[in-house]
Every structure is written in structure tokens, then in C-alpha cells.
Amino acid sequence: MASISLHTSLTLPSLLHTQTPKPTFSHNLSLLSKSSQSQFHGLKLSNSSHLSIPSSASVKSSIVAKVTEGTLPPSFTLKDQNGKPVSLSKFKGKPVVVYFYPADETPGCTKQACAFRDSYEKFKKAGAEVVGISGDGSASHKAFAEKYKLPYTLLSDEGNKVRKEWGVPSDLFGALPGRQTYVLDKNGVCRLVYNNQFQPEKHIDETLKFLKSV
């Protein structure tokens, strides 16, 4: 009876060597901007900047608001566009609209700032003050306010300490600072929280509607 034997020249090391390696991905995936100065509503990017995608745990913690309707927001003292310190307590005794926005001179933030400017007399008639807050410095705020003739206070929250204390949620996986507006009553208690990143002018409509209703 004939027997058949099979011979192969493939050894275990060679088999392992010929396997196609699986691609590996870094846990901290980053996105590079394609233009030297991209602006998306409140997002500023440059060729040297990276947008890091945070882990799901950090995203979850970033969307938990600390200031809600019926609560007393944390106090703060920040420098205005003229470099002078301004405390939240200064506005006690009258309603105040505090709006957090991503950055000066970005399309969405400029629209929002000018909409507050155009309706400023309506806010004054309702007895309310308007205060804008972002992470830009006082010099940036001053140039922004002068360029667009903004009649209200802009405060510099460099390091975003107050933004974090108030629990303003971020957008685009934490890459874009949130756009959130609060209305505080004359006792400093929060009565309205409005969030809308991509319709910045709606903040003015909603806050005025609320102020007129009370």
C-alpha cells in the first residue's frame, strides 16, 4: 500500500513573521487642523494646535451642570475689559444675565455679542444687567468691545476656573467651550439656564422672553 507524505518548508517562526500586523491606535486620538486659522463658531485652531478626544469618563464629568434653576451660583471676582476687578455680588439687587461664550472674534460669538448689544436697551428696560464671560484676556475683551461697540461688561476667565465651577458643559467632545446663558434674580438665585451652541442669537430671544414674563 502506497503512502503519501507531505513536506512543507514553512516553519512556525516564518508563519509568525508573514502575518500582517494589526494597526494600533493611540488612546489619545488627536485631530489636526488643515488651515492655518480655522474658526467654527467659537473654535480657534492653528496648524500647531491639536484637538484631543478625551475619554468617555472625562466627557461624562464635563456635562454635569453645577448651576441649575433654583440654585445660588458660586461667587467670583474677574477682571473686566479695562482690567478692573468685578465681583458677581456687584449685581445683587437687580436681575443679571450672565452668558458664557467660547471666544472673542469668532463668528458665532460675534453674532451673539452684537445681538446682546442691539437689544441692550430692552435688557435695561427690564432692569437687568448683561455680563459676558470667556477665557480671553482683558486686552482681547477691550479690543472686541471697542470694535463692535459693546455697551456691557466682558469678564476674563483665564484658565476657565469660573466656567468649571459653574459647570458650563462643553461641546464637540470637550474641544469647544460651551455657550450657556444664566439669568439670576435680584437675590442672585439662578432662574433660567439656556444652552444653544449653534444658534447664538437665540440666547437673546430666550432671556428677554423670560425677563418679560417675570
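Above this text sits the structure in question.
To keep things clear, this report deals only with the structure shown in the data block.

The rules behind each value
- All residue numbers here refer to positions counted from 1 along the written sequence of the relevant chain.
- Only residues with pLDDT of at least 70 get local features here, since the model is predicted, and only at 80 or more are side-chain atom pairs given and counted; chain-wide, interface and lining totals rely on the full set of residues.
- As a rule here, side-chain values cover all heavy atoms of the structure and leave hydrogens and water aside.
- Only DSSP runs of H or I reaching four residues or more are called helices, and only runs of E reaching two or more are called strands; each is numbered from the N terminus.
- Summary of the burial criterion: residues with accessible area below 20% of their type's maximum are buried, those above 50% are exposed, and those between are partly exposed, where the area comes from a 1.4 Å probe applied to protein chains only.
- Contact criterion: two residues are considered in contact whenever any of their non-hydrogen atoms come within 4.5 Å of each other.
- Working definition of accessibility: Shrake-Rupley area with a 1.4 Å probe, residue cover restricted to the visible protein chains.
- Pairing between two strands requires that DSSP report at least two bridges joining them.
- With strands facing away from the observer, any crossover in which the path from the first strand over the helix to the second runs clockwise is taken as right-handed.
- By convention in these notes, a salt bridge is any Lys or Arg side-chain nitrogen within 4 Å of a carboxyl oxygen on Asp or Glu.
- Within this scheme, the nonpolar core is defined by two criteria: the residues are buried Ala, Val, Leu, Ile, Met, Phe, Trp, Tyr or Cys, and they are joined through side-chain atoms within 4.5 Å.
- Axes, fitted as lines to C-alpha atoms, cover a helix only where it is in contact. Angles between the N-to-C directions of the axes lie from 0 to 180 degrees.

So, the overall build of the protein
- Check the secondary structure of the protein and you find 7 helices and 11 strands.
- Considering the protein as a whole, with its 214 residues, one finds that 41% of them fall into the buried category.
- Intrachain contacts of the protein at a sequence separation of at least 6 include 64% that bridge at least 24 residues.
- Total accessible area on the protein is roughly 12800 Å²; 56% of this is exposed by carbon and sulfur atoms.

Brief notes about the environment of valine 168
- Structurally, valine 168 is set in the loop between helix H6 (161–166) and strand S10 (180–184).
- Look at valine 168 and you get buried, because its relative accessible area is 6%.

Brief notes about the pairing of strand S9 (residues 153–156)
- Residues of S9 alternate between two faces, with Thr153 and Leu155 on one and Leu154 and Ser156 on the opposite face, all of them buried.
- By the bridge criterion, 2 bridges tie strand S5 (residues 77–80) to S9 in an arrangement that is antiparallel. Bridge pairing in S9 links aspartate 80 to leucine 155.
- Both strand S8 (residues 129–134) and S9 contribute to a ladder of 4 bridges, which runs parallel. By the bridge assignment, glycine 132 is partnered in S9 with leucine 154.
- Note that the unit made of S8, helix H5 (residues 138–148) and S9 has a crossover that is right-handed.

Considering the pattern of salt bridges
- Evaluation of the coordinates by the stated rule reveals 8 salt bridges.
- Between glutamate 206 and lysine 202 there is a salt bridge, with the nearest N and O atoms lying 3.6 Å from each other. Of this pair, glutamate 206 and lysine 202 are both found in helix H7 (residues 202–213), 4 residues apart, which corresponds to roughly one turn of the helix.
- Each of Lys94, Lys124 and Glu129 takes part in one network of salt bridges that share partners.

With respect to the nonpolar core
- Tyr99, Phe116, Phe123, Val130, Leu150, Tyr152 and Leu154 are the most contacted members of the largest nonpolar core, which has 23 residues in total.
- Listing elements by their share of this core, those giving two or more residues are strand S7 (96–100), helix H3 (107–118), helix H4 (120–125), H5 and H7.
- Among the elements that take part in this core, H3 stands out by supplying 5 residues, more than any other.
- With residues near it in sequence (within four places) discarded, tyrosine 99 still touches Gln112, Ala113, Phe116, Val130, Val131, Gly132, Ile133, Tyr152, Leu154, Gln180 and Thr181.

Some points on the sheet that holds S8
- If you trace the 7 strands from one edge of the open sheet to the other, you get S6-S5-S9-S8-S7-S10-S11, paired in mixed fashion. Strand pairing shows two members of the sheet lacking a second neighbour, strand S6 (85–87) and strand S11 (190–195), which therefore form its edges. Shown here is a sheet whose adjacent strand axes are inclined to one another by a mean of 30°, direction ignored.
- Alignment of S10 against S11, held across 5 bridges, turns out to be antiparallel. Residue pairing in the sheet places leucine 184 in a bridge with cysteine 190 of S11.
- Contacts from H5 reach S5, S8 and S9 within the one sheet, and its direction differs from that of S9 by about 155°.

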